Amino acid sequence: MMHLIHPADERVRPTPLADRVASLRRLSGRRRFRVAALAGLVVALEVLVLEGWIRGARVPPWDFLGAYAQEAYWWWAHGGFFDPVSWIPAVRGGYPASLSLQNSAWYLPYGAVAAVMPLTPWALAFLSAVHVAFGSVGAYLLVRRHGVSFLAGLVAAAGWFFAVGAFSNAEHPDIARGYAWLPWVLLVASTRWPWRRWWSIPVATLVLWQAASGVYPGMLVAYACIGVVWVVLQQVQSRARLTDFLLPLGIAMVAALLLSMVRLLPYVLGNDLTGVREPDASEWSWSMLLSLQFGYDYGFYPNDISMRSFFIPAAVLLAALFARPGSPLTRLGLGILIPAALLGLPLFPWFEALQQLPGLSLSRFTMSDFKVFMLFGVLLLAASAVDGFVRHRTPLPWQRARVAVAVAVVVLLAVGGLLARIDLRDYALTLAVLVASAALVLAVSSGRRDLAALLIVGVVASGGLWAYSNREPWRTDRVDAEVGRFDGPVAELVADAEPLAGDRRPGRTPLPADAGLDDIQSSEWNVAYYTGEAALGGYLNLKGNTYFETLRAAISEGDRAAQLLAFLSHPGTAITAAAFDEGCADEACGGVRVTPVAYEPDRLEYDLQTTSAGAVVLNEPFYRGWQASVCADDVCVTGAPTATDGLVTIDVPQGASLVTLTYATPGLGVGWLLFWAGALIAALAPATLWSSRRRLADADGRGENDA
């Protein structure tokens, strides 16, 4: 049984503090106490640090109020898991929902909240707070399952509560979620997961699937790369039988991949990623080492402010230097820290060459993608060290050298902060906590086990000071932000939203005549997601998609920009291709009489009257997945339209015809079949594996009897 202070350490100094520690040791052997202590720690941190998110007074700023929030709201408000949205008309003339991998579609935590209330920024900030707690509990369970003491588990929980991505990347929910899901993914990908329980494969499948659905795509590549190393280390350390680890893990991974196909297959089949991809934006400067402790809102740091910080709570950072050799967590911590640094840090000469490897070019922020593993590796080392502090009386190898390194770290950070001219208040407070943490860690590592519980206080003090000294990236007034961005509270906009259906697609909010690319890409147009209107502008991340890039270039810098903007702003209509070539932008000169019949976001129906057969151009953006049905004289012809300057183009006969334009998400049907196959595998695998293990056990028994 695991204790706060290990039972072997009975010879504690006879002090009042030692007596209290002994009492805690006895209590920590009780499961209810451990659960209550963990819950109390996490809840206290949630209330002390993230209460603004929870009660809706504060939300993360910047991109959090952009497409991350609006796409999630639209997808879950206008469709849902079993009725997925196919076409979103809100911004940029409309686009397929399946092409946005960062819209939180198919992500069950969002769906659970959306079933109760709209996904307003308040609801999403609350979910962000829940994810921070979720990651903290996951870190505790992971290290505890690897055999460390209760105290080491609490230190890990407190340390990962202040995981840098939850705060510096709060504006990017999918990156922040990558920090929350990491300990859970590593747990189910380990030999310490209870693979012999009947529920192990279904739950592992759920964890892997939802992590794949909710985490930033670039981070998933890092998950895959370092995950391979993690699984190999687990297998080498445990020498587990095939049926006890690799086989059930493989089944769970296959099932999770199949469940993800309902999301990934439409993305692949609906995309044409031959557009220009931006190079990796990661930059390294040795000054970034100061972000291990100090604030990151300084001009001498490279990179976007959200990608700069490598913060680790001071007690965690220093304790990691005392990780005990031979500990499984020490090997695992180094096993993910070192390859993550080699793959993710742009200071190495091979960094550019690695971008050519499959998947690594998917993200522009490779350093940020791998950073989560570097920081978590340090956390595992710290958990190993704290476990050693309270369990072992023998001195660590190279104890004096470790102490010297810890002192050197403190001195270098202190001198570096002075030379960089860190803000005096930030410098003084951070340095005070750093020195106090160093004194505590050195004392505990030298035998003062009665002080070990104070490490939790040190972690919380360091993390809390850092978080509140750098509030701008994760905490802003919600009402002010919503009014400033959308001219009103989002809850009121949603309540007053206009209906989407009718007999004709409404006109789109036009752009200014002199609109440049920055005007077009402004997130202020994204209010259309909440109001039910449609806009030509708006922030939308479909970079690299040929169809998206073609239309973007045409309306921002092409020769026909003014004509396209005018044509797209009209209610749903069509003109002949010849009239379009001559510069026509409305129905009056278009050579077609258009009578609207019915409209839904993914289905438009018109009666057309033309004087001659030929091509007509509709004012709808072209993407793969549109299907056109043209019916005339009781004959219907169905097929995929073509594109003219990024707009849907179809052929119609002379005279009257009924045109129906429908967007059908490519590959969705096959994706559903694969989804249900994955669900079936996850459901039936426990019984199949149990039967296989029973046969193996019977065979082993017969072999022993024969011998």
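These numbers come from a predicted model, not from an experiment. (Residues numbered from 1 in each chain as written. Predicted model: local features only at pLDDT ≥ 70, side-chain atom pairs only at ≥ 80, totals over all residues. Heavy atoms only, no water.)

*Asks:* Can you tell me about the overall build of the chain, naming the residues and giving the values?
*Replies:* Along the chain, the regular secondary structure elements total 26 helices and 13 strands. Since a compact globule built from 707 residues should have a radius of gyration of about 27 Å, the 29 Å found for the chain is in line with a globular shape. Dimensions along the principal axes, computed over C-alpha positions, put the chain at roughly 100 × 80 × 50 Å. The buried share among the 707 residues of the chain stands at 57%. A fraction of 76% describes how many contacts in the chain between residues 6 or more apart in sequence connect residues 24 or more apart. For the chain, the accessible area works out to roughly 29,000 Å², and carbon and sulfur atoms hold 62% of it. Charged side chains in the chain number 52 positive and 57 negative. The centres of these two groups are separated by 21 Å. (Helix = DSSP H or I, 4+ residues; strand = E, 2+ residues; numbered from the N terminus. Rg over C-alpha atoms; globule rule 2.2 N^0.38 Å. Buried < 20%, exposed > 50% of the residue type's maximum accessible area, 1.4 Å probe, protein only. Contact = heavy atoms within 4.5 Å. Areas by Shrake-Rupley, 256 points an atom, 1.4 Å probe, with all protein chains shown as cover. Lys, Arg positive; Asp, Glu negative; His and termini not counted. Charge placed at Lys NZ, Arg CZ, Asp CG, Glu CD.)

*Asks:* With reference to specific residues and values, describe unusual backbone geometry.
*Replies:* Residues other than glycine seldom take positive phi values, yet S104 does so here, at roughly 60 degrees. Among the secondary structure elements, S104 is positioned in the loop between β3 (95-96) and α4 (108-114). S104 gets classed as buried once you look at its relative accessible area, which sits at 4%. At D487, a position not held by glycine, the phi torsion is positive, near 65 degrees.

*Asks:* If you had to explain the packing of helix α8 (residues 173-188) against helix α9 (residues 200-214) to someone new, which residues and values would you point to?
*Replies:* At their nearest, the axes of α8 and α9 sit 9 Å apart, and the two run at 160 degrees to each other. With respect to α9, the axis of α8 lies roughly antiparallel. Note on packing geometry: the crossing formed by α8 with α9 is left-handed. Together, D174, R177, W181, W184, V185 and V188 of α8 and A204, V207, L208, Q210, A211 and G214 of α9 make up the contact between the two elements. Taken together, the residues of the contact of α8 with α9 sort by class into eight nonpolar, two polar and two charged. (Axes fitted to C-alpha atoms, helices over the stretch in contact; angles between N-to-C directions. Parallel < 35°, antiparallel > 145°, perpendicular 65-115°, else oblique. Left-handed = near helix turned anticlockwise from the far one by under 90°. Nonpolar A, V, L, I, M, F, W, Y, C, P; charged D, E, K, R; others polar.)

*Asks:* Before we move on, can you summarise the packing of helix α5 (residues 121-145) against helix α15 (residues 366-391) with the specific residues and values?
*Replies:* Interhelical geometry of α5 versus α15 gives an angle of 50 degrees and a closest axis separation of 11 Å. Regarding the angle of α5 to α15, the classification is oblique. Considering only the axes of α5 and α15, their crossing is right-handed. On α15, the residues touching A139, L142 and V143 of α5 are F376, L379, L380 and A383.

*Asks:* Can you explain a nonpolar patch on the surface? Please cite residues and give values.
*Replies:* Taken together, the side chains of I54, W122, F126 and V130 make up a nonpolar region of the molecular surface, amounting to roughly 310 Å² of accessible area. Within the secondary structure, V130 sits in helix α5. (Patch = residues over 30% accessible without salt bridge, like charges linked within 9 Å, V, L, I, M, F, W, Y side chains within 5 Å. Salt bridge = Lys/Arg side-chain N within 4 Å of Asp/Glu carboxyl O.)

*Asks:* Which residues make up the pattern of salt bridges, and what values go with them?
*Replies:* Taken as a whole and assessed by the stated rule, the structure comprises 15 salt bridges. Residue E51 is joined to R55 by a salt bridge in which the shortest nitrogen-to-oxygen separation is 2.6 Å. Taken together, the positions of E51 and R55, both in helix α2 (residues 31-55) and four residues apart, correspond to about one turn of that helix. Overlapping salt bridges, with partners in common, bring together E51, R55 and R475 in one network.

*Asks:* Just give me the short version of the sheet that holds strand β10 (residues 635-639), but keep the residues and values in it.
*Replies:* Strand order in the open sheet made by the five strands is β6-β7-β13-β9-β10, with antiparallel pairing throughout. Both outer strands of the open sheet, β6 (592-600) and β10, are each paired with one neighbouring strand and no more. Mean inter-strand twist for the sheet, computed between neighbouring axes without regard to direction, equals 20 degrees. Sheet analysis places β6 next to strand β7 (residues 603-610), joined by eight bridges and oriented antiparallel. Along β7, the bridge assignment pairs T595 with D607. (Pairing = 2+ DSSP bridges.)

*Asks:* So what's going on with the packing of aromatic side chains? Residues and values would help.
*Replies:* The geometry of an aromatic ring pair comes down to the distance between the two centres and the angle between the two planes. Under the criterion given, the structure shown has 49 aromatic pairs. Geometrically, the ring pair formed by W87 and Y623 is edge-to-face, given 5.9 Å between the ring centres and 65 degrees between the ring planes. Of the two residues, W87 sits in strand β2 (residues 87-88) while Y623 sits in the loop between β8 (614-621) and β9 (626-632), which places them 536 residues apart along the sequence. Side by side, W87 and Y623 carry an identical accessibility label, which is buried. Ring centres of F567 and F580 lie 6.1 Å apart, and the angle between their planes is 50 degrees; this geometry places the pair in the tilted category. With F567 in helix α24 (residues 561-569) and F580 in helix α25 (residues 577-581), this residue pair connects regions lying 13 residues apart in the sequence. Neither residue differs from the other here; F567 and F580 are each classed as buried. (Phe/Tyr/Trp six-rings, centres within 6.5 Å; stacked < 30°, edge-to-face > 60°.)

*Asks:* With reference to specific residues and values, describe the nonpolar core.
*Replies:* If you look at the biggest cluster of nonpolar residues, it comprises 221 residues, and the most contacted ones within it are L119, W160, F167 and F376. When residues of this core are assigned to their parent elements, the largest contribution, 17 residues, is made by α15. Contact partners of L119, with chain neighbours within four places excluded, come to A69, A72, Y73, W76, Y110, V113, A114, L124 and L127. (Core = buried A, V, L, I, M, F, W, Y, C linked by side-chain atoms within 4.5 Å.)

*Asks:* Report on the environment of R475, specifying residues and quantitative values.
*Replies:* With respect to the secondary-structure elements, R475 resides in the loop between α18 (454-469) and β4 (476-477). With relative accessibility at 18%, the residue R475 sits in the buried group. Along the primary structure R475 and P60 are separated by 415 residues, whereas in three dimensions their C-alpha atoms are 4.9 Å apart. Residues within four places of R475 in sequence aside, it is in contact with V49, E51, G52, R58, V59, P60, P61 and Y468.

*Asks:* Explain α15 to me, using residue names and the numbers behind them.
*Replies:* Along an α-helix, residues three or four positions apart point the same way, because every turn accommodates 3.6 residues. Under the 1.5 Å per step criterion, the end-to-end length of α15 is 38 Å for 26 residues, consistent within 8% with the ideal 38 Å. Most of α15 is tucked away: 25 of the 26 residues are buried. (Expected span 1.5 Å × (residues − 1).)

*Asks:* If you had to explain the pairing of strand β13 (residues 655-663) to someone new, which residues and values would you point to?
*Replies:* Note: β7 against β13, eight bridges, orientation antiparallel. Bridge pairing in β13 links T610 to G655. Looking at chain direction, β9 and β13 are connected through six bridges and run antiparallel. By the bridge assignment, Q627 is partnered in β13 with T662.

*Asks:* Could you give me a rundown of the environment of A211, with the residues and numbers involved?
*Replies:* Tracing the sequence through the fold places A211 in helix α9. The exposure class assigned to A211 is buried, which follows from its relative accessible area of 3%. Once the C-alpha coordinates of A211 and A256 are considered, the two residues, 45 residues apart in sequence, prove to be 9.6 Å apart.

*Asks:* If you had to explain the state of the cysteines to someone new, which residues and values would you point to?
*Replies:* Tallied over the entire structure, the rule returns two disulfides. The disulfide partner of C631 is C636, and the S-S distance across this bridge is 2.0 Å. With the S-S dihedral at roughly 110 degrees, the linkage between C631 and C636 falls on the right-handed side. On the basis of relative accessibility, which here comes to 48%, the residue C636 falls in the partly exposed class. Regarding the disulfides, the chain carries the connectivity 1-2, 3-4 under sequence-order numbering of its bonded cysteines. (Disulfide = S-S within 2.5 Å.)

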